[in-house]
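Summary of structural features
The lines below spell out each chain.
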Amino acid sequence: MAIRTLLRYRSVHYFSRTLFHCYLSPLKSTHYCLSSSFSSYLPTCNAFRGCLFMSSFTDAETKKEPEKNPDLVNEISRILSDYRSPHHDIESALNPFSGSISTDVVEQVLKRCKNLEFSAHRFFIWAQKLSGFCHSRESFHILVDILGSSKQFPLIWDFLVEMRTNRSCEITPEIFLLVFRAYSRAGLPADAIRAFNKMVDFGIKPCLADLDKLLLALCKKKHAKQAQEFFDKVKDDFMPSVKTYSILIRGWGDLGEVAEAQKLFDAMLERGCSVDLLAYNSILDSLCKAGKMDEAFNFFMKMRSIGLIPDAFSYSIFIHGYCVANDIHSVFRVLDQMRRYKLVPNVFTYNCIIKKLCKTKKVDEAYQLIDEMISEGVRPDCWSYNTILASHCDHNEVNLAHRLVSRMERNNCLPDKHTYNMLLKMLIRVGRFDRVEKVWESMEDRNFYPSVSTYSVMVHGFCQKKGKLEEACKYFEMMIDEGIPPYTETCEKLRNRLIGHGFAEQTEILADKMERSTSNLIQELASVMRGNKTRVKLKHDEEYSDENFE
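Every chain begins its residue count from 1, and numbering advances along the sequence as written. Since the coordinates come from a predicted model, pLDDT governs what is reported: local features require at least 70, and pairs of side-chain atoms require 80 or more to be given and counted, while whole-chain, interface and lining totals use all residues. The basis for the side-chain values is all heavy atoms of the structure; hydrogens and waters are excluded.

The name an unreviewed UniProt entry gives the protein chain is PROP1-like PPR domain-containing protein, with Solanum commersonii as the organism. The Sequence similarities (unreviewed entry) comment attached to the protein chain in UniProt states, word for word, "Belongs to the PPR family. P subfamily." UniProt positions are given in the numbering used here, feature names are shortened, and annotations may be inferred rather than shown by experiment.

The structure is reproduced here in structure tokens:
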């Protein structure tokens, strides 16, 4: 069959989407007043002795609501993807949908297109101008988050000023939390602090809770030093709580600066703060991350002697610490104590153990932990299954891999991008092309929409297989038809394979098709397919280094 016939296939409508979820579980704690310094709680200990115990918590399951108006959301999202250039007349393309726009639709589109910052912003402004339409507070927050994630900070401040001027939405501390996080992610701690100081310009007098949110945003991104310096300047104005100190202690612990964490703990006692379990867990965490497991154990035992009952997080700290230290025996010793006290780890702690078991080729024990999770009412997530799946795929265990994916579905855990990428890559590698087609066709039934990485698995994989260049081109064209810009490396690889096999004319056919795309980025990539030495670098190319398609 001539390679040109690959233009004659029926394209299936897919649109890539990625949802990010952030979970934060509050800890319940009992308060105790202490007067002695931290150092008095760290006697020398040479071995892990006796029992570890815990009061447990499990993260509440986050249920995903069914998407309303999926066809409308798909169509509008496709337009935002295709009309990315500032020169594109996105308003005219959106106008036919003006009568169907609701706050729910706007929220869904913004969430779907969070990586299309300029298109999302223009869509928001277009909707705002519709007669009788008013954005929800959630839409304002989503847009601020989108602009922050793409480092469009001038646009954020223009947007906030417009909100203040037009009073289109109340400016709340929650919006500033999004700004704190954006600056911290971007490695701009000083700007995050300046944003905190700007809150008064928008009618918000910062309180201790706002300070805690700023410090947490900074410390989560390894900016504990800047957080500490700002805290030292303002601590007398805010009357910091034990939570404030715990955030900073945890921040120093993440950097491995145990001495700084200890100094903060002592300072907290000197100020007369009522030290609770959260503060002690923060110190435990800093000690374990520094590899000081014996000191952490002694500190743990002292907690019990003063009446503090360790919770699930206390034990998870030790489990994570022993996993890092490759001490699987101690991991199970901690886990056994939890079972003895009828305490249940959360899914993240279980996943840590499963990952370590798979790395040490103890896959059967990893399956046993999955069974235990389910029996204890802890729902395994995609990471739980994908960790085991990675082991099966690495060893080309096709049947075991398929059984595991079926098990995921029976347990109401839908496969994600990583699941499909690993499975498809393995099936192509071992030459099970019949199953590749079945897996691909099953995606739509499971409401999975392939993204650029999944298409790239197909293109790169088929490029490597003898006699499968036609299939590589087919999936490449599907990606173009769906308006999904490929990785630059994918264009180069397919071009080189085509030329190497004597199909240089097909690169021109593909380039012509790319130039006819409504996506500006795909049009630019046509030059790469033609062999232009000026390399087009796209934003999502950064993801390429994290994916292994070979």
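**With respect to the packing of helix 15 (residues 312-324) against helix 17 (residues 347-359)**
Think of each axis as a best-fit line through the C-alpha atoms, taken over the contacting stretch in the case of a helix, with angles from 0 to 180 degrees between the N-to-C directions. Helix and strand definitions follow DSSP, with helices as H or I runs of at least four residues and strands as E runs of at least two, each counted in order from the N terminus. Two elements in contact, helix 15 and helix 17, have axes separated by 10 Å at closest approach and are oriented at 20°. In terms of their interaxial angle, helix 15 and helix 17 are classed as roughly parallel. Here helix 15 runs over helix 17; the crossing is left-handed. Between helix 15 and helix 17, the residues in contact are Ser 316, Ile 319, His 320 and Cys 323 and Phe 348, Thr 349, Cys 352, Ile 353 and Lys 356, respectively. Residues are grouped as follows: Ala, Val, Leu, Ile, Met, Phe, Trp, Tyr, Cys and Pro are nonpolar; Asp, Glu, Lys and Arg are charged; every other residue, Gly included, is polar. Of the residues assigned to the contact of helix 15 with helix 17, the class counts are five nonpolar, three polar and one charged. Relative orientations are named as follows: roughly parallel for angles under 35 degrees, roughly antiparallel for angles over 145 degrees, roughly perpendicular for angles from 65 to 115 degrees, and oblique for any other angle. Here a crossing is called left-handed whenever its near helix is offset anticlockwise from the far helix by less than a right angle, and right-handed whenever the offset is clockwise. Working rule for contacts: check all heavy atoms of both residues, and any pair within 4.5 Å makes them a contact.

**Quick look at the packing of helix 9 (residues 208-220) against helix 10 (residues 224-238)**
One can describe the packing of helix 9 onto helix 10 by two numbers: an axis separation of 9 Å at closest approach and a directional angle of 170°. It follows that helix 9 is roughly antiparallel to helix 10 by the angle criterion. Across the interface between the two elements, Leu 208, Leu 211, Leu 214, Leu 215, Leu 218 and Cys 219 from helix 9 touch Ala 224, Ala 227, Phe 230, Phe 231, Val 234 and Phe 238 from helix 10. Residue composition of the contact of helix 9 with helix 10, grouped by class: twelve nonpolar, no polar and no charged.

**Quick word on helix 26 (residues 504-515)**
Between the first and last residue of a helix there are one fewer steps than residues, each counted as 1.5 Å, and that sum is the expected span. Compared with the 16 Å implied by 1.5 Å per residue over twelve residues, the 17 Å span of helix 26 between its first and last C-alpha is a close match. Three labels apply to residues, based on accessible area from a 1.4 Å probe with only protein chains included: buried if under 20% of the type maximum, exposed if over 50%, partly exposed otherwise in between. Within the span of helix 26, buried status applies to Gln 506, Thr 507, Leu 510, Ala 511, Lys 513 and Met 514. Buried residues in helix 26, looked at end-on, bunch into an arc of 160°, giving them a common side. The directions considered for the arc run from the helix axis to the C-beta atoms.

**Digging into the environment of Leu 178**
In this fold, Leu 178 is placed in helix 7 (residues 173-185). Since its relative accessible area comes to 14%, Leu 178 is described here as buried. For Leu 178 and Leu 147, which are 31 residues apart along the polypeptide, the C-alpha to C-alpha distance reads 9.9 Å. Not counting the four nearest positions on each side in its chain, Leu 178 is found in contact with His 141, Val 144 and Asp 145.

**Describing the UniProt feature "repeat: PPR" (unreviewed entry) in the protein chain**
Per the UniProt record, "repeat: PPR" (unreviewed entry) is annotated on residues 172-206, 241-275, 276-310, 311-345, 346-380, 381-415, 416-450 and 451-486. End-to-end, the C-alpha atoms of residues 346-380 are 10 Å apart, and along that stretch the chain is 74% helix and 0% strand. As annotated, residues 416-450 has a helix share of 77% and a strand share of 0%, and its two end C-alpha atoms lie 10 Å apart.

**A few points about the packing of aromatic side chains**
By convention, a stacked pair of Phe, Tyr or Trp rings (six-membered ring in the case of Trp) has centres within 6.5 Å and planes under 30 degrees apart, an edge-to-face pair has planes over 60 apart, and any other such pair is tilted. Following the criterion strictly, the structure yields 24 aromatic pairs and no others. Here Phe 124 and Phe 140 contribute two aromatic rings whose centre-to-centre distance is 5.1 Å and whose plane-to-plane angle is 75°, an arrangement assigned as edge-to-face. Taken as a pair, Phe 124 in helix 4 (residues 117-128) and Phe 140 in helix 5 (residues 137-149) lie far apart in primary sequence, 16 residues in all. Residue Phe 124 shares its accessibility class with Phe 140, and that shared class is buried. A centroid spacing of 5.9 Å and a plane angle of 10° characterise the contact between Phe 462 and Tyr 475, whose relative ring orientation is stacked. Of this pair, Phe 462 sits in helix 23 (residues 452-464) while Tyr 475 sits in helix 24 (residues 469-481), and the two are 13 residues apart along the sequence. The exposure classification of Phe 462 matches that of Tyr 475, with both residues buried. Members of the aromatic cluster, joined through ring pairs, are Trp 157, Phe 176, Phe 180, Phe 196, Phe 202, Phe 230 and Phe 238. Sitting over a ring, as applied to charges here, requires NZ of Lys or CZ of Arg to be within 6 Å of the ring centre and within 35 degrees of the ring normal. Arg 164 extends its terminal NZ or CZ atom over the ring of Phe 202, reaching a point 4.6 Å from the ring centre. Of note, Lys 468 hangs over the ring of Phe 433, and the distance from its end group to the ring centre comes to 4.3 Å.

**Let's talk about the pattern of salt bridges**
One side-chain nitrogen of Lys or Arg within 4 Å of one carboxyl oxygen of Asp or Glu is enough to make a salt bridge. Applying the stated criterion across every chain, the model contains 24 salt bridges. Asp 254 is the salt-bridge partner of Lys 289, the closest N and O atoms lying 2.2 Å from each other. Within this pair, whereas Lys 289 is found in helix 13 (residues 277-289), its partner Asp 254 is found in helix 11 (residues 242-254), the two being separated by 35 residues in sequence. Residue Lys 289 is classed as partly exposed on the basis of its relative accessible area, which comes to 47%. Asp 254 gets classed as partly exposed once you look at its relative accessible area, which sits at 24%.

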